[in-house]
Amino acid sequence: MATLRERLAEEVPLVAVSFGDEDAGRDAAQARDLRVDVAELRVDWYASTDPEHALCQVRPFAGVPTLATIRSKDEGGYWAGDEPSRLRLYETLMPEVDAVDVELASTEIRAGVVAAARSHGTVVVLSHHDFTATPAAARLDELAEEGFAAGADLVKISTMAQGPDDLRTLTDFTLRHHHRGVIAIAMGPEGAASRLMLPVLGSRITYSSIGGRPAPGQLPFEETVRLLELFSPRFANRRAA
């Protein structure tokens, strides 16, 4: 089976689903049954962020491509601890997962996360979330440059869409940077089309839901897969393989 890094290099869209710790064994089995491309393990959702508890939630997903996220409160997450503790938790999880996501703005720990990921061959996603608006093109380009300069394998930009102009802005951003490895998402009802359109144009991962806590504008996993199979022959071929 191809690794997550190898699958990303194919430049065929991947569909991710986010999971907490309600029932890791059940969730991992469901991820396997549905052939989820990436299981995003939202460690900041866990009832406890004790390292041993987190490891026990991660290990049932062995064999499923995994992305560990410990999202800060500043960017919509639930992490309540300090930054040194968050870095140590990332370091603990690194040998057990295929990728990690940390915010570009988390400058206190960003370099440490990247360094630990490099030592384990783990894919690094550096992310930026704006829950109110979509920045101008020049600002998005600055964020991409900052992310790649800091060691990102993928730069994730997730912004709130207020209308078609924001979709155009993120579409242009994706077309400019798709060869470098970006994830672009427009949140909110106005951004729902981005969950399908931008992956077809080169955004590497789109996020979907299986029950749980869908993000604004997020589509169910099975609907996302069905529509991507319709719009992306390369995606359909991979699912059929």
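Rules of the game
- Residues numbered from 1 in each chain as written.
- Predicted model: local features only at pLDDT ≥ 70, side-chain atom pairs only at ≥ 80, totals over all residues.
- Heavy atoms only, no water.
- Helix = DSSP H or I, 4+ residues; strand = E, 2+ residues; numbered from the N terminus.
- Rg over C-alpha atoms; globule rule 2.2 N^0.38 Å.
- Buried < 20%, exposed > 50% of the residue type's maximum accessible area, 1.4 Å probe, protein only.
- Contact = heavy atoms within 4.5 Å.
- Areas by Shrake-Rupley, 256 points an atom, 1.4 Å probe, with all protein chains shown as cover.
- Lys, Arg positive; Asp, Glu negative; His and termini not counted.
- Charge placed at Lys NZ, Arg CZ, Asp CG, Glu CD.
- Patch = residues over 30% accessible without salt bridge, like charges linked within 9 Å, V, L, I, M, F, W, Y side chains within 5 Å.
- Salt bridge = Lys/Arg side-chain N within 4 Å of Asp/Glu carboxyl O.
- Pairing = 2+ DSSP bridges.
- Axes fitted to C-alpha atoms, helices over the stretch in contact; angles between N-to-C directions.
- Core = buried A, V, L, I, M, F, W, Y, C linked by side-chain atoms within 4.5 Å.
- Polar contact = N/O pair within 3.5 Å; in protein donor to acceptor, adjacent residues only side chain to side chain.
- Parallel < 35°, antiparallel > 145°, perpendicular 65-115°, else oblique.
- Left-handed = near helix turned anticlockwise from the far one by under 90°.
- Arc of directions from axis to C-beta.
- Right-handed = clockwise from strand over helix to strand, strands pointing away.

Draft legend 1. Examining the overall build of the chain more closely. Check the secondary structure of the chain and you find 10 helices and 9 strands. For a compact globule of 241 residues, the expected C-alpha radius of gyration is about 18 Å, and the chain comes in at 17 Å, within 12% of that figure. Taken over the C-alpha atoms alone, the chain extends approximately 45 × 40 × 30 Å along its principal axes. Within the chain, buried positions represent 55% of all 241 residues. A fraction of 69% describes how many contacts in the chain between residues 6 or more apart in sequence connect residues 24 or more apart. Surface accessibility of the chain: about 10,000 Å² in total, with carbon and sulfur atoms responsible for 53%. Of note, the chain has its 25 positive side-chain charges centred 3 Å away from the centre of its 36 negative side-chain charges.

Draft legend 2. Broad picture of a nonpolar patch on the surface. A contiguous nonpolar patch, built from L175, M197, V200, L201, L230 and F231 and spanning about 530 Å² of accessible area, is present on the exposed surface. Put simply, the parts of the chain that give the nonpolar patch at least two residues each are α8 (194-201) and α9 (221-231). Among the elements that make up the nonpolar patch, the one with the highest residue count is α8 (3 residues). For V200, the location among the structural elements is in helix α8.

Draft legend 3. Structural context of the sheet that holds strand β6 (residues 154-160). The 9 strands are arranged β7-β6-β5-β4-β3-β2-β1-β8-β9 in an open sheet whose pairing can be described as parallel. Two strands lie at the open edges of the sheet, namely β7 (182-187) and β9 (219-220), each paired on one side alone. Relative to strand β2 (residues 38-42), strand β1 (residues 14-19) is paired through 4 bridges, and the arrangement is parallel. The partner of V17 across the bridge, within β2, is A39. Lying on the sheet, helix α4 (residues 83-93) is in contact with β3 (66-69) and β4 (99-103); it crosses β4 at an angle near 165°. On the sheet, helix α7 (residues 164-177) packs against β6 and β7 and is oriented at approximately 175° with respect to β7.

Draft legend 4. Fine view of the pattern of salt bridges. Taken as a whole and judged by the stated rule, the model has 17 salt bridges. D27 is the salt-bridge partner of R26, the closest N and O atoms lying 3.0 Å from each other. Relative accessible area serves as the criterion here: at 46%, R26 is assigned to the partly exposed category. Taking the relative accessible area as the measure of exposure, D27 reaches 5% and is therefore buried.

Draft legend 5. Spatial organisation of the nonpolar core. The biggest cluster of nonpolar side chains holds 58 residues, and the ones touching the most others in it are F61, Y90, L93, V100 and V113. In this structure, A16, L67, L154 and Y207 belong to the second largest nonpolar core, which totals 16 residues.

Draft legend 6. Here's a closer look at the side chain of D101. Of note, D101 is situated in strand β4. A relative accessible area of 0% means that D101 is categorised as buried. At a separation of 3.0 Å, a polar atom in the side chain of D101 contacts the side chain of R71. Setting aside anything within four residues of it in sequence, one finds D101 in contact with L67, A68, T69, I70, R71, Y90, V125, S127 and K156.

Draft legend 7. The packing of α8 against α9, seen in detail. In contact at an axis separation of 10 Å, α8 and α9 are set at 40° when each is read in the N-to-C sense. Of the possible angle classes, the one that applies to α8 and α9 is oblique. In this structure, α8 meets α9 at a crossing whose hand is right-handed. Contacts between α8 and α9 involve L196, P199 and V200 from the first element and T224, L227, L228 and F231 from the second.

Draft legend 8. Geometry of helix α2 (residues 24-34). All of the buried residues in α2 are A24, D27, A28 and A31. Summarising the axial view, the buried residues of α2 lie within an arc of 100°, below the 170-degree limit, and thus occupy one face. At the exit of α2 stands R35, carrying a positive phi of roughly 60°.

Draft legend 9. Inspection of the pairing of strand β5 (residues 123-130) at higher detail. Among the 8 residues of β5, 8 are classified as buried, and the element is accordingly described as predominantly covered. Both faces of β5 are covered, namely the face carrying V123, V125, S127 and H129 and the face carrying V124, L126, H128 and D130. Between the parallel elements β4 and β5, the chain passes through helix α5 (residues 110-120) in a crossover that is right-handed. The sheet contact formed by β5 and β6 spans 6 bridges and is parallel. Bridged to D130 within β6 is T159.

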